Amino acid sequence: MSVVQFEERATECGKRIGIARLNSEKSLNALSLDMIQLLQPQLDAWAGDDDIACVWLEGAGEKAFCAGGDIVAMYKAMKEQPGELVDEVADFFGQEYRLDYTIHSFPKPFIVWADGIVMGGGMGLMNGASHRVVTETSLLAMPEITIGLYPDVGATHFLNTMPEGCGLFLGLTGAHMNASDALFLKLADHFVGREHKDQVLDALAAIQWGETQSLNQQKVTDVLSQVGEQDSKLRPAAQVEPHHDLIKKLTSGADIEAVVDAITTVESDDKWLSRAAKTLAHGCPMTAHIVWNQLHFGKDLQLADCFRLELTLSVKCATRGDFAEGIRALLIDKDKQPQWQHVNVGEVDAEEVDAFFTSPWEQQEHPLADLGS
C-alpha cells in the first residue's frame, strides 16, 4: 500500500475534489520523505488542473492526522557523519518546508481534516491550509524541545500570530492543545464532530463551484460552519485561554533565562500547566534559546524567509546541536534521559546561539532560494 493514497471525487457540477490520505497508521502517519515526494507533484498537478475544485488532506485511521516527522533515518545519517551537513537532513527539511509553502500558497480551497494527533510535521501540513478543521479528538503540539530541535514547519510565522505570550509559551513547553485551544490560538478555523466527516465531504461535492477563488473559499467556509453548528456541544474545555493572563505574565521576562525560570517555578495545582513546566525543565536548553531568538527575529519576516531561516536552524541543530541526542533518548534507546550539551539555559553562550542563525549556504545557493519568487 502506498504511504499516501490519492483519489478524485466527482462533484454535482462536474468538477472534482482531490483527496490525499497519509497512509501509515502504524507510525501515526508520521511524515516521511516518501510521503513528501508523493504529495508535492500531486499537489502541483491539482493546483494546475482547472477541473479540481478543492483539495482535502487527511490521515488514515482514527488516532492521528500526522504525529510528526519520520526522523529516525536522519538520526542514522547524523551518527555516521557527526558534525557534518548530511544530505539526508538538508533534503528532508528542505523538501518538507517546500511542501508546507506549497500548501500555504495553494490557489484553491485546501481543507485539512486535523482529527486525532497533530504534532510537528503535521502542524506544518495543517497550518498552510485555507480551512483547518479540528474535532473533539484533536490533540496538537509542537514538542521539539524534548528532542533538541525547535518549533519549525512555519512556526516562526504561526507562533508569532498567536495571542500575546502564547507562541513563546507553547514553543518552549510543547504543551498539548485541544480543539478549543486551536481555535483560540488561530491554529484552526472550524470545529466539526469527527462523525460528520462524510457529511462535510458530501456537502463539498454538492457545491456549485465557480471560477472565482474568493467565492469558492467562502462556499467551503459556509459548508464547514453549517455542519459544525450541530457539534458545538462536543468542544472540549479550553486549556490555554483560561491561563492567558498568567501566560502573558510568565513570558514577560526581559530574557530567556527569566522566562524559563518563571515558567519552571510556577506553583499550580493545574495538571496542564504543571506538565508544561515539567517539559520545559527537562527540555533542551539550546532549544529554549533558539525559540526566544527565532520568535523575536522572525516576527517581521515574510513567510518564505521564515522557511529559509528554519532550514538554516534545522541543519545547525543536526550539525552543532542536541538533535541526535534527543532522538536517541526518546526514540532509539527510549531511556528518556537525554544528556544535553548544556545543563541549563544560563550555561548557553550567546555566540553559540548566533552560530545557529548563520546560514551554511550563500544566499543564491540556499535550497529554498526560489521560494516566494
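Whatever comes next refers back to the structure up there.
Below: a short report on this structure. Note that the coordinates shown come from a computational prediction; the quantities given were computed from them, not determined experimentally.

### A look at helix 13 (residues 285–298)
Okay, so step 1: Between the first and last C-alpha of helix 13 there are 20 Å, a value that for 14 residues agrees with the 20 Å anticipated at 1.5 Å per step.
Okay, so step 2: Buried residues dominate helix 13, accounting for eleven of its 14 residues.
Okay, so step 3: If you check which residues of helix 13 are buried, you get Pro 285, Met 286, Thr 287, Ala 288, His 289, Ile 290, Val 291, Trp 292, Gln 294, Leu 295 and Gly 298.

### Quick look at the sheet that holds strand 4 (residues 64–66)
Okay, so step 1: Ordered in space as 4-6-8, the three strands form an open sheet in which the pairing is parallel. Of all the strands in the sheet, just strand 4 and strand 8 (139–141) have a single pairing partner and so form its edges. Pairs of neighbouring strands in the sheet enclose a mean axial angle of 15°, with direction left out of account.
Okay, so step 2: One ladder, built from two bridges, connects strand 4 with strand 6 (residues 117–119); its direction is parallel. Bridge pairing in strand 6 places Cys 66 opposite Val 118.

### Notes on the packing of helix 2 (residues 72–80) against helix 15 (residues 323–332)
Okay, so step 1: Two numbers describe how helix 2 lies on helix 15: the axes approach to 10 Å, and their chain directions differ by 130°. Put simply, helix 2 runs oblique to helix 15. Viewed along their axes, helix 2 and helix 15 form a crossing whose handedness is left-handed. Of the residues in helix 15, those touching helix 2 at Val 72, Met 74, Tyr 75, Met 78 and Lys 79 are Phe 323, Ala 324, Ile 327, Arg 328 and Ile 332.
Okay, so step 2: Across the contact of helix 2 with helix 15, the residue classes tally to eight nonpolar, no polar and two charged.

### Considerations on the pattern of salt bridges
Okay, so step 1: One pass over the full model with this rule turns up 16 salt bridges.
Okay, so step 2: In this structure, Asp 305 and Arg 308 form a salt bridge, with 2.9 Å as the shortest nitrogen-oxygen distance. Pair noted here: Asp 305 and Arg 308 are both in helix 14 (residues 303–319), with a separation of three residues, about one helical turn.
Okay, so step 3: According to the relative accessible area criterion, Arg 308 is buried, its value standing at 18%.
Okay, so step 4: In this structure, Asp 335 and Arg 328 form a salt bridge, with 2.7 Å as the shortest nitrogen-oxygen distance.

### Quick notes on the sheet that holds strand 1 (residues 4–10)
Okay, so step 1: Strands sit in the order 1-2-3-5-7-9 across an open sheet of six strands; the sheet is mixed. Every other strand in the sheet has two partners, leaving strand 1 and strand 9 (190–191) as the edge strands with one partner each.
Okay, so step 2: Bridge count between strand 1 and strand 2 (residues 16–22): seven bridges; the pairing is antiparallel. Within strand 2, the residue paired with Gln 5 across the bridge is Arg 21.
Okay, so step 3: Each of strand 1, strand 2, strand 3 (52–59) and strand 5 (110–114) is contacted by helix 1 (residues 33–47), which is oriented at about 25° to strand 1, the strand it contacts most.

### Examining the pairing of strand 7 (residues 131–134)
Okay, so step 1: Here strand 7 shows a buried face lined by His 131 and Val 133 and a second buried face lined by Arg 132 and Val 134.
Okay, so step 2: The sheet contact formed by strand 5 and strand 7 spans four bridges and is parallel. Paired with Val 112 across the bridge in strand 7 is Arg 132.
Okay, so step 3: With two bridges joining them, strand 7 and strand 9 adopt parallel strand pairing. Looking at strand 9, one finds that Val 133 is bridged to His 190.

### Things to note about the packing of helix 6 (residues 166–173) against helix 12 (residues 271–282)
Okay, so step 1: Orientation of helix 6 relative to helix 12, taken along the N-to-C sense of each, is 65°, at an axis distance of 8 Å. Listed contacts from helix 12 to Phe 169, Leu 170, Leu 172 and Thr 173 of helix 6 are Trp 272, Leu 273, Ala 276, Thr 279 and Leu 280.
Okay, so step 2: Of the residues assigned to the contact of helix 6 with helix 12, the class counts are seven nonpolar, two polar and no charged.

### Here we look at the nonpolar core
In summary, soluble globular proteins display a tendency toward joint burial of nonpolar side chains.
Okay, so step 1: Counting residues in hydrophobic clusters, the biggest one holds 101 residues, and the most contacted among them are Phe 169 and Phe 323.
Okay, so step 2: Sort the elements by how many residues they give to this core and helix 14 lands first, with nine residues.
Okay, so step 3: In contact with Phe 323, not counting residues within four places along its chain, are Ile 71, Met 74, Met 78, Phe 93, Ile 147, Gly 148, Leu 149, Cys 317 and Ala 318.
Okay, so step 4: Residues Cys 54, Ile 111, Val 200 and Val 220 belong to the second largest nonpolar core, which totals 19 residues.

### Re the side chain of Asp 152
Okay, so step 1: By the element assignment, Asp 152 lies in the loop between strand 8 and helix 5 (155–158).
Okay, so step 2: At 2.6 Å, the side chain of Asp 152 and the side chain of Tyr 97 are in polar contact.
Okay, so step 3: Apart from the residues lying within four places of it in its own chain, the contact partners of Asp 152 are Phe 93, Glu 96, Tyr 97, Met 142, Glu 144, Phe 158, Glu 310 and Ser 314.

About the thresholds
Residues numbered from 1 in each chain as written. Predicted model: local features only at pLDDT ≥ 70, side-chain atom pairs only at ≥ 80, totals over all residues. Heavy atoms only, no water. Helix = DSSP H or I, 4+ residues; strand = E, 2+ residues; numbered from the N terminus. Expected span 1.5 Å × (residues − 1). Buried < 20%, exposed > 50% of the residue type's maximum accessible area, 1.4 Å probe, protein only. Pairing = 2+ DSSP bridges. Axes fitted to C-alpha atoms, helices over the stretch in contact; angles between N-to-C directions. Parallel < 35°, antiparallel > 145°, perpendicular 65-115°, else oblique. Left-handed = near helix turned anticlockwise from the far one by under 90°. Contact = heavy atoms within 4.5 Å. Nonpolar A, V, L, I, M, F, W, Y, C, P; charged D, E, K, R; others polar. Salt bridge = Lys/Arg side-chain N within 4 Å of Asp/Glu carboxyl O. Core = buried A, V, L, I, M, F, W, Y, C linked by side-chain atoms within 4.5 Å. Polar contact = N/O pair within 3.5 Å; in protein donor to acceptor, adjacent residues only side chain to side chain.

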